Amino acid sequence: MISELAERQRALELLRTAFPDYRIVFSKGRWAAVSAGSPPAVWFAETPSSLCGQLFQAQLRSGGTVVPFGGAGS
């Protein structure tokens, strides 16, 4: 069974790979992402999947792209 810490690290790695234009962190039980910009946009979420959805929507609205995950099996 995968530990919670290992699962969180994997989610962080995948989010950072998919959304390289954002600084993504996990702290104090919440996920956060910050875009580069002036002023920067900030998103908060309780789960990595919720943050992923928010960033995906932001990319759709801004005309950006989502980087393929790649990795083994893709």
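Residues numbered from 1 in each chain as written. Predicted model: local features only at pLDDT ≥ 70, side-chain atom pairs only at ≥ 80, totals over all residues. Heavy atoms only, no water.

Participant: Can you walk me through unusual backbone geometry in this structure?
Facilitator: A negative phi angle is the norm for most residues apart from glycine, just as the trans form is the norm for most peptide bonds. Phi is positive for Lys-28, close to 50°, though the residue is something other than glycine. Within the secondary structure, Lys-28 is located in the loop between strand S1 (22-27) and strand S2 (30-35). (Helix = DSSP H or I, 4+ residues; strand = E, 2+ residues; numbered from the N terminus.)

Participant: Please clarify how the pattern of salt bridges should be interpreted in this entry.
Facilitator: The final tally for this structure, using the stated rule, is two salt bridges. Of the charged contacts, one joins Arg-8 and Glu-4 as a salt bridge, the two residues approaching to 3.4 Å between their closest N and O atoms. Of this pair, Arg-8 and Glu-4 both sit in helix H1 (residues 4-18), four residues apart, which is roughly one turn of the helix. Note that Arg-10 is salt-bridged to Glu-13, the shortest N-O span being 2.6 Å. A residue pair is termed a helical-turn pair when its members lie 3 or 4 positions apart in one helix, as Arg-10 and Glu-13 do in helix H1 at three residues. (Salt bridge = Lys/Arg side-chain N within 4 Å of Asp/Glu carboxyl O.)

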